[in-house]
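# Structure assessment
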Amino acid sequence: MNPPDSDLMTYAVRMVIPMKREFGRSLNVHQFLHDLPYATEVIQEALKSKDERLRGYAAYAQTKIFGPRSSEPLPPTASAGAETLPAAPVASAATETEISEDLRAKAIARYKSGLR
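All figures in this text were calculated on a predicted structure; none of them were measured in a lab. (Residues numbered from 1 in each chain as written. Predicted model: local features only at pLDDT ≥ 70, side-chain atom pairs only at ≥ 80, totals over all residues. Heavy atoms only, no water.)

Right, let's get into the overall build of the chain. Along its length, the chain carries 5 helices and 0 strands. In sequence order, the secondary structure elements of the chain are arranged as α-α-α-α-α. In the chain, buried positions account for 19% of the 116 residues. Here the analysis covers contacts within the chain between residues at least 6 apart in sequence; of these, 49% occur between residues at least 24 apart. Counting every atom, the chain has about 9,100 Å² of accessible surface; 56% of that belongs to carbon and sulfur. (Helix = DSSP H or I, 4+ residues; strand = E, 2+ residues; numbered from the N terminus. Buried < 20%, exposed > 50% of the residue type's maximum accessible area, 1.4 Å probe, protein only. Contact = heavy atoms within 4.5 Å. Areas by Shrake-Rupley, 256 points an atom, 1.4 Å probe, with all protein chains shown as cover.)

Here it is in structure tokens:
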């Protein structure tokens, strides 16, 4: 992973104590973030946990390490004989520009109002 994701690191740190309590395993966060086979092994073990929070942390780490970088669930794969779903409409560049300009304007307004 280059560079390490801060959210993933946070979840890895949160997994240390539950992994030690339930499985007696000492989780090395640095190795977890940089060694894919080690991370796979830890995640598989954590997904078998009785602790719901630990399973949630493992699921999050699994999506960040192995899955796409979005929070949306993966679409179901179409079988060979099944009909394909129509493609989702793609946002135009003008719409994206308007959204980014709107967000920029809101950030400037917060800055001017003295919130931060």
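As a packed pair, helix α1 (residues 6-23) and helix α4 (residues 52-66) sit with axes 9 Å apart at the nearest point and diverge in direction by 140°. Overall, the two elements α1 and α4 adopt an arrangement that is oblique. The two elements α1 and α4 cross, and the hand of that crossing is left-handed. Between α1 and α4, the contacting residues are Asp-7, Leu-8, Tyr-11, Arg-14, Met-15, Pro-18, Met-19, Glu-22 and Phe-23 on the first element and Leu-54, Tyr-57, Ala-58, Tyr-60, Ala-61, Lys-64 and Ile-65 on the second. (Axes fitted to C-alpha atoms, helices over the stretch in contact; angles between N-to-C directions. Parallel < 35°, antiparallel > 145°, perpendicular 65-115°, else oblique. Left-handed = near helix turned anticlockwise from the far one by under 90°.)

With 18 residues, the main nonpolar core has Met-15, Phe-32 and Val-42 as its most contacted residues. Secondary structure elements with two or more residues in this core: α1, α2 (29-34), α3 (36-47) and α4. (Core = buried A, V, L, I, M, F, W, Y, C linked by side-chain atoms within 4.5 Å.)

For the rest of this paragraph, the subject is α4. Between its first and last C-alpha atoms α4 spans 21 Å; for 15 residues at 1.5 Å apiece the expected length is 21 Å, and the two agree. Those residues of α4 that fall on the buried side of the exposure criterion are Leu-54, Tyr-57, Ala-58, Ala-61, Lys-64 and Ile-65. Angularly, the buried residues of α4 cover 130° about the axis, an arc narrow enough to put them on a single face. Buried residues along α4 sit against α1, α2 and α3. The N-capping residue of α4, defined by a side-chain oxygen 3.2 Å from the backbone nitrogen of Arg-53, is Asp-51. (Expected span 1.5 Å × (residues − 1). Arc of directions from axis to C-beta. Polar contact = N/O pair within 3.5 Å; in protein donor to acceptor, adjacent residues only side chain to side chain.)

Time to look at the pattern of salt bridges. Under the defined criterion, the tally for this structure stands at 2 salt bridges. For Glu-41, the salt bridge identified is with Arg-25, shortest N-O distance 2.9 Å. Residue Glu-41 is located in helix α3, and its partner Arg-25 is located in the loop between α1 and α2; the two are separated by 16 residues in the primary sequence. On the accessibility criterion, Arg-25 (16% relative accessible area) is buried. A salt bridge links Arg-25 to Glu-45; the shortest N-O distance between them is 2.7 Å. (Salt bridge = Lys/Arg side-chain N within 4 Å of Asp/Glu carboxyl O.)

In total, this model carries 2 aromatic pairs according to the counting rule given. Relative to Tyr-57, the ring of Tyr-11 lies with its centre 5.5 Å away and its plane at 75°, an arrangement referred to as edge-to-face. A residue pair is termed long-range when its members are at least 10 positions apart, and Tyr-11 in helix α1 and Tyr-57 in helix α4 qualify at 46 residues. Taking the relative accessible area as the measure of exposure, Tyr-11 reaches 22% and is therefore partly exposed. The exposure class assigned to Tyr-57 is buried, which follows from its relative accessible area of 14%. Aromatic side chains Tyr-11 and Tyr-60 sit 4.2 Å apart centroid to centroid with 25° between the ring planes, which places their arrangement in the stacked category. Of this pair, Tyr-11 sits in helix α1 while Tyr-60 sits in helix α4, and the two are 49 residues apart along the sequence. One cation-aromatic arrangement involves Arg-14 over Tyr-11; the distance from NZ or CZ to the ring centre is 5.2 Å. (Phe/Tyr/Trp six-rings, centres within 6.5 Å; stacked < 30°, edge-to-face > 60°. Lys NZ or Arg CZ within 6 Å of the ring centre and 35° of its normal.)

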